[in-house]
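Structural description and commentary
Here is what each chain is made of, one letter per residue.
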Amino acid sequence: MEYTLSTVGSYPRPEWFSDYLKKQEGLQKGSRVGIDDSYMRALAEVLGEQKKSGIRLLTDGQLLWQNMLCHLCDSLDGFRLSGLIRYFDNNMYYQMPEAVGRVERGNPIILDEYRAACSVEKNIKPVLSCYSLVDLSQNRFYGDEKEFLMDVAEVMNQEAKALAGAGASIIQVDEPSLLFADKEGVEAAGEALEVLTKGVNASFILATYFRDAKGLYPEILDYPIDVLGLDFVEGLKENLKLIKEHPTEKIIQAGVVDGRTTLMEKPSEVKEVIDSITELVSGEKLFLSPNTGLEYLPYVKASEKMGVLSASVD
Amino acid sequence: MNDKILPTTVVGSYPKPRWLNHLIREHSDSSLSDEVMESAYSDSIKAVVKDHELAGVDILWDGEMRREEMTSYFAEHINGFSIYGEVRVWGNNYYRKPSIVDELSYRDELTVSEYRNLRGLTEHDIKVPITGPYTIVDWSFNEHYRTKEDAVYALAEVINQELKALVAAGASFIQIDDPAIPTHVDELEIARNSVEIATKGVKAYTGLHICYGDYSKLYPQVLDFSVDQLDFELANKSFQDISIFREHDFTKDIGFGCVDVHTRRIESVDEIKGNIKKAFEIVEPKRVYVDPDCGLKLLSSQVSFQKLSNMCAAARELRGEL
Ligand SMILES: [Zn+2]
């Protein structure tokens, strides 16, 4: 069986490139480096690493992103950044975005990066976020959270349209926060996704990670998305149970190797996990990936991790 | 441990002189010899010690001129760790994140030579800070041990050997830095056990420094940790946490963070006096150690020196008034 292998989004920066950014941008907050020759060289490097490991649906590695949130609001009107906050249970931090005005898309968000990646490789999967961005931000402007969420969904819809217009046939929306949401949040996220995907000529992946998706069922089945991204490292048992109890026609993007540890799984162990999923989902309805982005790993270990993934389906 | 009431001290780090940062960069580009780099470190420590003495600090440390961060610096000297490269913490800030790839065991000293060196430079009392086993494991990858808990305890044994070596070298005050503890309050028991293992048979006055985080989730359980002193940051949170510590009898000495290291604003002597007095709502004055919230390394040398000077002046004046 030829599975579609993919990465989730982030990829560690090549060390020479992180050194370059340190010099150009400084350690605290300096001006941001955009798409320049060095970026293009780093981009080609991480795309090459993915291809070499057999990844078919590639990401640009989010090499210019300071973290999972701030890069998305940098180019939006209405946000400012404040103090450092821990990103879930990772030893990784982000500057908390604060909504201090109406959120609007003054400029494209990741469109230029998407175009840059397309100039190097085919099959690029751009990554956005909506509910999690709102959830992990502080609202200092909107009367209620829902209004805030819907405005962000609206700008992400504009961005998604632009991405689809530039050739993106599949767009991923990263929503780790959804796994920690209450029922009200799960419903609101569904409405936000309706807005985000409306009129966009592309397929959508909803990526979730860091735990199982118990809180999202059964609502997730009605979300206007084509691919469900589930974490089978942190939530193996529960997620298996969920896809068994709730059969779906949607594709499953299964995170089957741990993107947050340098410990390399044995391909045979990973194969067992894949086999337990294919008992419930047919092979052509399955994408395989690490459970999270790979930037939690040192550069040299990211390709090794992808190697484990591809060896497990050989 | 100190005869003086309200002894003043530092948490550990101090800003590196600009010239040192310059030389460290040149050294990493291989345009500076190890020998010159070594003498630069040595000279910078003398400068830091002089700064601390001029400011009036009673219990000193060397400002951690040789340390860039607090995990790999130690991991590099312990058997069983391997470092594959850098991992991002935030923005353009990275650290060399170690992986535990084999059984952990003691190889060579981690802080003893730093202690000896400093001992030769000052007559003052010395406090040796070392990162706690819980935090080092939390900030590492674990490829070898079945559980995080197993890894923490194995490393605690290694740290225990180092603490004993420190005592043998003459150290009388050791501080365990464990900033990762408040990030996983569900593992408080593991952290407690790790400190117990690390300090077992260590005949010195010991402290535990915990910064950031929600102290209400740790207190009063943290009173069971086997140390003499608990050192907290209080200024950064405007001393709101005092009410937490008043809910139960505070049965240890307190290291009372009374100067904010997250702001360049230099607190006045009077303001700091007022801050220190708040400690007396928790414990009697003889149990209070006066220090900044955390290491000073992110501030400029000038600001750090001013903050320390004012802090020491405040303690001095209070001593006269008590
Ligand atoms: Zn601290």
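Here, the structure is the one placed above.
Below: a short report on this structure.

Calculation criteria
Residues numbered from 1 in each chain as written. Chains lettered and ligands numbered in written order. Predicted model: local features only at pLDDT ≥ 70, side-chain atom pairs only at ≥ 80, totals over all residues. Heavy atoms only, no water. Contact = heavy atoms within 4.5 Å. Buried area = accessible area lost by both parts, 1.4 Å probe. Salt bridge = Lys/Arg side-chain N within 4 Å of Asp/Glu carboxyl O. Polar contact = N/O pair within 3.5 Å; in protein donor to acceptor, adjacent residues only side chain to side chain. Helix = DSSP H or I, 4+ residues; strand = E, 2+ residues; numbered from the N terminus. Nonpolar A, V, L, I, M, F, W, Y, C, P; charged D, E, K, R; others polar. Phe/Tyr/Trp six-rings, centres within 6.5 Å; stacked < 30°, edge-to-face > 60°. Buried < 20%, exposed > 50% of the residue type's maximum accessible area, 1.4 Å probe, protein only. Disulfide = S-S within 2.5 Å. Arc of directions from axis to C-beta. Axes fitted to C-alpha atoms, helices over the stretch in contact; angles between N-to-C directions. Parallel < 35°, antiparallel > 145°, perpendicular 65-115°, else oblique.

**Description of the interface of chain B and chain A**
- At the junction of the two partners, chain B supplies 20 residues and chain A supplies 29 residues.
- Both faces considered, chain B and chain A share a buried interface measuring about 2200 Å² in area, 47% of it formed by carbon and sulfur atoms.
- If you sort the residues of chain B by the area they bury against chain A, B:Arg88, B:Trp90 and B:Asn92 come out on top, with a joint share of 35%.
- Where chain B meets chain A, there are two salt bridges.
- Where A:Lys22 meets B:Glu86, a salt bridge forms, and the shortest distance between an N and an O atom there is 3.3 Å.
- On inspection of chain B and its partner chain A, the count reaches 15 residue pairs in polar contact (both at pLDDT 80 or more).
- Looking at the side of chain B that touches chain A, the elements with two or more residues in it are strand E2 (78-90), strand E3 (93-106) and strand E6 (141-142) of chain B.
- Grouping the constituent residues of the side of chain B that touches chain A by class yields eight nonpolar, eight polar and four charged.

**A closer look at the packing of aromatic side chains**
- Considering all chains together, one arrives at 24 aromatic pairs over all chains under this definition.
- Taking the centre distance of 6.3 Å and the plane angle of 50 degrees together, the rings of A:Phe17 and A:Tyr39 count as tilted. A residue pair is termed long-range when its members are at least 10 positions apart, and A:Phe17 in helix H1 (residues 15-25) and A:Tyr39 in helix H2 (residues 37-52) qualify at 22 residues. A:Tyr39 matches A:Phe17 in its accessibility class, with the two residues each being buried.
- Ring geometry for B:Tyr73 and B:Phe74: centres 5.3 Å apart, planes at 85 degrees, overall edge-to-face.

**Section: the state of the cysteines**
All names here are of chain B.
- The full count for this structure, using the stated rule, is zero disulfides over all chains.
- Here Cys 258 is not disulfide-linked; the sulfur of Cys 312 is the nearest cysteine sulfur, at 9.1 Å.
- Judged by relative accessible area, which is 0%, Cys 258 ranks as buried.

**Concerning unusual backbone geometry**
- Look at the link from A:Tyr217 to A:Pro218: it is a cis peptide, with omega at 0 degrees.
- Along the chain, A:Pro218 turns up in the loop between strand E7 (203-207) and strand E8 (227-231).
- Residues B:Tyr219 and B:Pro220 are joined by a peptide bond in cis, for which omega reads 15 degrees.
- On the secondary structure map, B:Pro220 appears in the loop between strand E8 (205-210) and strand E9 (229-233).
- Positive phi is not limited to glycine here, since B:Glu64 has a value of about 55 degrees.
- Residue placement: B:Glu64 occurs in the loop between strand E1 (59-60) and helix H3 (72-75).
- One non-glycine residue with positive phi stands out, namely B:Ser238, at about 50 degrees.
- With respect to the element layout, B:Ser238 can be found in the loop between E9 and helix H8 (242-246).
- On the accessibility criterion, B:Ser238 (53% relative accessible area) is exposed.

**Some thoughts on the pattern of salt bridges**
- Overall, the coordinates contain 41 salt bridges over all chains when judged by the stated rule.
- Salt-bridge contacts for A:Glu147 lead to A:Arg102; the nearest nitrogen and oxygen are separated by 3.6 Å. Here A:Glu147, found in helix H6 (residues 145-165), pairs with A:Arg102, found in strand E3 (residues 93-104); they are 45 residues apart in sequence, far enough to count as distant.
- Here A:Arg102 falls in the partly exposed class, since its relative accessible area comes to 39%.
- Notably, a salt bridge pairs B:Lys148 with B:Glu187, separated by 2.7 Å at the nearest N-O pair. Of this pair, B:Lys148 sits in helix H6 (residues 148-168) while B:Glu187 sits in the loop between strand E7 (173-177) and helix H7 (188-199); the two residues are 39 residues apart in sequence, bridging distant segments of the chain.
- Each of A:Asp19, A:Lys22 and B:Glu86 takes part in salt bridges that share partners, so that together they form one network.

**Looking at helix H9 (residues 269-279) of chain B**
Residue and element names in this part refer to chain B.
- Of the positions making up H9, those classed as buried are Val 269, Ile 272, Lys 273, Asn 275, Ile 276 and Ala 279. The arc that holds every buried residue of H9, seen down its axis, measures 160 degrees, which confines them to one face.
- On its buried face, H9 sits against strand E10 (253-257), strand E11 (288-291) and helix H10 (301-321).

**Describing the packing of H2(A) against helix H10 (residues 299-311) of chain A**
Residue and element names in this part refer to chain A.
- Packing of H2 against H10 leaves a shortest axis separation of 9 Å and a crossing angle of 30 degrees. The orientation of H2 with respect to H10, classified from their angle, is roughly parallel. Residues Glu 45, Val 46, Glu 49 and Gln 50 of H2 form the contact with H10, whose participating residues are Tyr 299, Ser 303 and Met 306.
- Each residue belonging to the contact of H2 with H10 can be placed in one class, and the counts come to three nonpolar, two polar and two charged.

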